[in-house]
There are 2 protein chains.
Amino acid sequence: MGGSRSTVDLDTSLGYLLKQAASALRSAMDAALRPLGLTVPQYACLELLAQRPGLSNSELARGAFVTRQSMNVLLQGLERDGLVSRPAEPPAAGRALPAQLTPLGRERLEVASSVVQQVEERMRAGLDADQQGALRALLTACVTALSDSAPK
Amino acid sequence: MGGSRSTVDLDTSLGYLLKQAASALRSAMDAALRPLGLTVPQYACLELLAQRPGLSNSELARGAFVTRQSMNVLLQGLERDGLVSRPAEPPAAGRALPAQLTPLGRERLEVASSVVQQVEERMRAGLDADQQGALRALLTACVTALSDSAPK
DNA sequence: CATTCTATGTCAGACTACTGACATGGGGGG
DNA sequence: CCCCCCATGTCAGTAGTCTGACATAGAATG
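Residues numbered from 1 in each chain as written. Chains lettered and ligands numbered in written order. Predicted model: local features only at pLDDT ≥ 70, side-chain atom pairs only at ≥ 80, totals over all residues. Heavy atoms only, no water.

- Under an unreviewed UniProt entry, the name given to chain A is MarR family transcriptional regulator, and the organism recorded is Agromyces tardus.

Okay, here's the thing in structure tokens:
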């Protein structure tokens, strides 16, 4: 078991490669969404709400991989732009405020989803169906391995 | 999870899964490096300098997936802490200032590399050698596909 | 040789995201 | 029943990162 090598070899490191891939995807999505006036986290929030209406702020934050606080300001911006609506008063049961897409938000998301799908297709250009499934399985394994061994 | 035509299905989206994996890895690395007083980009910078001494600010920025400006302030902090050294004067040929690890920086990196390697090993826990090679190949294919089709 | 293009370093500003902290609502265990 | 623990929403402060812009150095082009 290890300890013999003193530094990580970036050319063969899975972590470095993972970051490189995520960075490339992020840049491509950012460029594709910029003309629509949406950032990547904003798009992620809209997409989450389209598939699971009524998600609360904290649930959206976990789904978009940001903190509650960041998602809160993000949601305020989307509300201000009329893409998302939240009840102003606490919902009688619990504190979580369920958010909903407005018709305008749904419309904006339609366009955003199509450009993002084009980006994803570009990314999968050289992969056949089997390879895509394999990649999905391998990434899932990495995620579960990391979260299972996560302290606290 | 019915596949809708108008929106991206997050449960089967490779992009979403990629972001999830990168986020989990980032969190794990962040937690592992925090006790050492290093952030992930700082660690990336040190690791790059260990393997390719004399890299300039811009080259480090590309290698760490940040902008030149961000890498510049990051380098200033590392210089202030005595982990990295750069010549104060322009090097007669070109504008690029080659950066070097100081002995203290090398020492700090030793510890950081070991904890990061432990994180990577946790991530690869459920993958055998073949699967790791496959994952590497698939991610590389995604990166090249994205950069080849990149506009600009 | 002059011009243009590209790359680099740097400065200024704005924005994004995070950490820390506090109050509130709901569920269990004593 | 009361208390403890966890999750949520929110506020304030801080730190990190990006975009935009400018000047300079070297290469490429005519």
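That covers the picture; the talk isn't over yet.
### Structural notes on the interface of chain A and chain B
Here comes step 1: Tallying the contact residues gives 61 residues for chain A and 60 residues for chain B.
Here comes step 2: On the chain A side of the contact with chain B, L14(A), F65(A) and L146(A) bury the most area, a combined 13% of that side's loss.
Here comes step 3: Across the contact surface, chain A and chain B share zero salt bridges.
Here comes step 4: Inspection of the chain A/chain B interface yields 18 residue pairs in polar contact (both at pLDDT 80 or more).
Here comes step 5: Looking at the side of chain A that touches chain B, the elements that each hand over two or more residues are α1 (14-33), α2 (40-51), α3 (57-64), α5 (103-123) and α6 (129-148) of chain A.
Here comes step 6: Tallying contributions element by element places α1(A) first for the side of chain A that touches chain B, with 14 residues.
Here comes step 7: For the side of chain A that touches chain B, the per-class residue count stands at 34 nonpolar, 15 polar and twelve charged. (Contact = heavy atoms within 4.5 Å. Buried area = accessible area lost by both parts, 1.4 Å probe. Salt bridge = Lys/Arg side-chain N within 4 Å of Asp/Glu carboxyl O. Polar contact = N/O pair within 3.5 Å; in protein donor to acceptor, adjacent residues only side chain to side chain. Helix = DSSP H or I, 4+ residues; strand = E, 2+ residues; numbered from the N terminus. Nonpolar A, V, L, I, M, F, W, Y, C, P; charged D, E, K, R; others polar.)

### Describing the relation of the copies chain A and chain B
Here comes step 1: For these two chains of identical sequence, chain A goes onto chain B by a turn of 180 degrees and a shift of 0.0 Å along the axis, with RMSD 0.0 Å. Considering both components of the superposition, the chain copies are consistent with a two-fold axis.
Here comes step 2: The share of interface residues of chain A whose copies in chain B are also at the interface is 98%, consistent with both copies meeting through the same surface. (Least-squares fit on C-alpha atoms with pLDDT ≥ 70 in both.)

### Description of the pattern of salt bridges
Residue and element names in this part refer to chain B.
Here comes step 1: Counted under the stated rule, the structure contains eight salt bridges over all chains.
Here comes step 2: Here R34 makes a salt bridge to D30, at a shortest N to O gap of 3.1 Å.
Here comes step 3: With a shortest N-O distance of 3.7 Å, R124 and E120 are connected by a salt bridge.
Here comes step 4: When its relative accessible area of 26% is taken as the criterion, R124 is described as partly exposed.
Here comes step 5: The exposure class of E120 is buried, given its relative accessible area of 7%. (Buried < 20%, exposed > 50% of the residue type's maximum accessible area, 1.4 Å probe, protein only.)

### Re the nonpolar core
Here comes step 1: Counting residues in hydrophobic clusters, the biggest one holds 89 residues, and the most contacted among them are L60(A), V84(A), L135(A), L18(B), L60(B), V84(B) and L135(B).
Here comes step 2: Ranked by the residues each element gives to this core, the list is headed by α1(A), at ten residues.
Here comes step 3: Those residues in contact with L60(B) that sit more than four places away from it in its chain are C45(B), L48(B), L49(B), L55(B), M71(B), L75(B) and A99(B). (Core = buried A, V, L, I, M, F, W, Y, C linked by side-chain atoms within 4.5 Å.)

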